[in-house]
Amino acid sequence: MEAIWILLLLFVLIMLLGVYAAVRTVRAAKRGIDRTVHQARRTVEETRLRARQFAQPGAAGDLAQLRLSLRGSMRATEQALQAAAPQDRSLSESLGLFQRLSAHGRDLDADLKRLEQEPDKARIAALLPELRQRTQRITHSADSLRWAVQERTQRLAHDDLDSLGREIELETGALRHWTAAEPEAARTEAPGPGAPGPAGAGARPAPEAEARLTPEPGPRTGSEAGREPESPPSPPALGATPTEPPTWQNSWQKPWQEPTRPENPA
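Student: Looking at this structure, how should I read the layout of surface pockets?
Tutor: Where empty space is left in the structure can be found by rolling a water-sized probe over the atoms. Put simply, the second largest pocket is a space of about 720 Å³. His38, Arg42, Met74, Glu78 and Arg106 are, among the 21 residues lining the second largest pocket, the residues nearest its centre. At eight residues, the largest contribution of residues to the lining of the second largest pocket is made by helix H2 (residues 59-84). In terms of residue class, the lining of the second largest pocket is made up of three nonpolar, seven polar and eleven charged.

If you want it as structure tokens, here you go:
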């Protein structure tokens, strides 16, 4: 029994969803049809006004020209606001002002349309200056609002592009992080011409130290003349503390010292 009630409930829900979807589809189709019909009527009306502007000079042509300028200005401003409003929430007040201006524009267009059926041309000529002034005021307000919206949109686009350019420069600098480290590495690896070399490289002892380390040659005897001179001892390393030579070195006779000869008893 419970399964039957669940199936009935599901069937009712499916039916309700189907009816809701059908109503939404019909409404969307109706809005599309109304929009298409409105655009077609507007196109036909503007075509008729252009034909009347050139075909009927005088008051009728002036009325057609005023209606064309009014409708064109109001339509362009409406399109500019509708295009910029989703990206800029601060245009809500501008939309409210345009709706109020649109009410005045519709009233003026209705007055101009009624005058088209007026048979008295003198009355139309008398009312044309005031109607032209009203049209100019409304179109000027609409044009000012449209130009301000366009300039604001362009300014926001330029600011966003500048900010994007700065962010891209920072990102490219971060991606090329090695370019900043290469000059520092080159300066550390290549020392200047006056920089000292490594400690101990090519260092020579001072002349005074060489003079102290090199022994002075003495008189050579005949027995020593035929012998090859011994190489001088290597100098001690720099910084080493001199020590007393060992006793066995003192017992040796230096090459330039004369040996002690025994006395001849004869």
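Student: Hey, could you run me through the environment of Glu116 in this one?
Tutor: Mapped onto the elements, Glu116 comes out in helix H3 (residues 92-116). With a relative accessible area of 14%, Glu116 lands in the buried category. For the pair Glu116 and Leu63, spaced 53 residues apart in sequence, the C-alpha to C-alpha distance is 7.1 Å. Discounting chain neighbours no more than four positions away, the residues touching Glu116 are Arg48, Leu49, Arg52, Leu63 and Arg67. Polar contacts involving the side chain of Glu116 include one to the side chain of Arg52, which spans 3.1 Å.

Student: So what exactly am I meant to see when it comes to the nonpolar core here?
Tutor: If you look at soluble globular proteins, the nonpolar side chains tend to sit buried side by side. Leu63, Met74, Leu108, Leu112, Leu128, Leu131 and Ile138 are the most contacted members of the largest nonpolar core, which totals 20 residues. Not counting chain neighbours up to four residues away, the residues in contact with Leu128 comprise Ala59, Asp62, Leu63 and Leu66.

Student: Is there a simple way to explain helix H1 (residues 2-55) in this structure?
Tutor: What sets the pattern is the α-helix's 3.6 residues per turn: residues three or four places apart point alike. In this model, H1 (54 residues) spans 79 Å end to end at C-alpha, consistent with the 80 Å of a helix rising 1.5 Å per residue. If you check which residues of H1 are buried, you get Glu45, Glu46, Leu49 and Arg52. Tucked inside the fold, the buried residues of H1 contact H2 and H3.

Student: Looking at this structure, how should I read the pattern of salt bridges?
Tutor: The final tally for this structure, using the stated rule, is twelve salt bridges. Across the pair Glu116 and Arg48 runs a salt bridge whose closest N-O atoms are separated by 3.6 Å. Linking Glu116 in helix H3 with Arg48 in helix H1, this pair joins segments that are 68 residues apart in sequence. You can call Arg48 partly exposed: its relative accessible area is 31%. Residues Arg67 and Asp109 are paired through a salt bridge, measuring 3.0 Å at the closest nitrogen-oxygen approach. In this pair, Arg67 sits in helix H2 while Asp109 sits in helix H3, placing the two residues 42 residues apart along the sequence. The same class applies to Arg67 as to Asp109, namely buried. Several salt bridges share partner residues, and in doing so they unite Glu45, Arg48, Arg52, Arg67, Arg71, Asp109 and Glu116 into one network.

Student: Can you help me understand helix H4 (residues 121-175) in this one?
Tutor: With 55 residues, H4 ought to run about 81 Å at 1.5 Å a step, and its terminal C-alpha atoms sit 77 Å apart, in line with that. Considering bend angle alone, the principal kink of H4 is centred on Leu128 and spans about 40°; proline Pro129 follows within four residues of it. Buried residues of H4: Ile124, Leu128, Leu131, Thr135, Ile138, Thr139, Ala142, Asp143, Leu145, Arg146 and Val149, and no others. Between the side-chain oxygen at the start of H4 and the backbone nitrogen of Ala122 there is a gap of 3.1 Å, and the oxygen is on Asp120.

Parameters at a glance
Residues numbered from 1 in each chain as written. Predicted model: local features only at pLDDT ≥ 70, side-chain atom pairs only at ≥ 80, totals over all residues. Heavy atoms only, no water. 1 Å grid on protein atoms, 1.4 Å probe; cavity = no way out; pocket = protein on both sides within 12 Å on 5 of 7 lines; lining within 4 Å. Points joined across faces, edges and corners; volume = space filled by probe spheres on them. Helix = DSSP H or I, 4+ residues; strand = E, 2+ residues; numbered from the N terminus. Nonpolar A, V, L, I, M, F, W, Y, C, P; charged D, E, K, R; others polar. Buried < 20%, exposed > 50% of the residue type's maximum accessible area, 1.4 Å probe, protein only. Contact = heavy atoms within 4.5 Å. Polar contact = N/O pair within 3.5 Å; in protein donor to acceptor, adjacent residues only side chain to side chain. Core = buried A, V, L, I, M, F, W, Y, C linked by side-chain atoms within 4.5 Å. Expected span 1.5 Å × (residues − 1). Salt bridge = Lys/Arg side-chain N within 4 Å of Asp/Glu carboxyl O. Bend = angle between axes of the 7 residues up to and from the residue.

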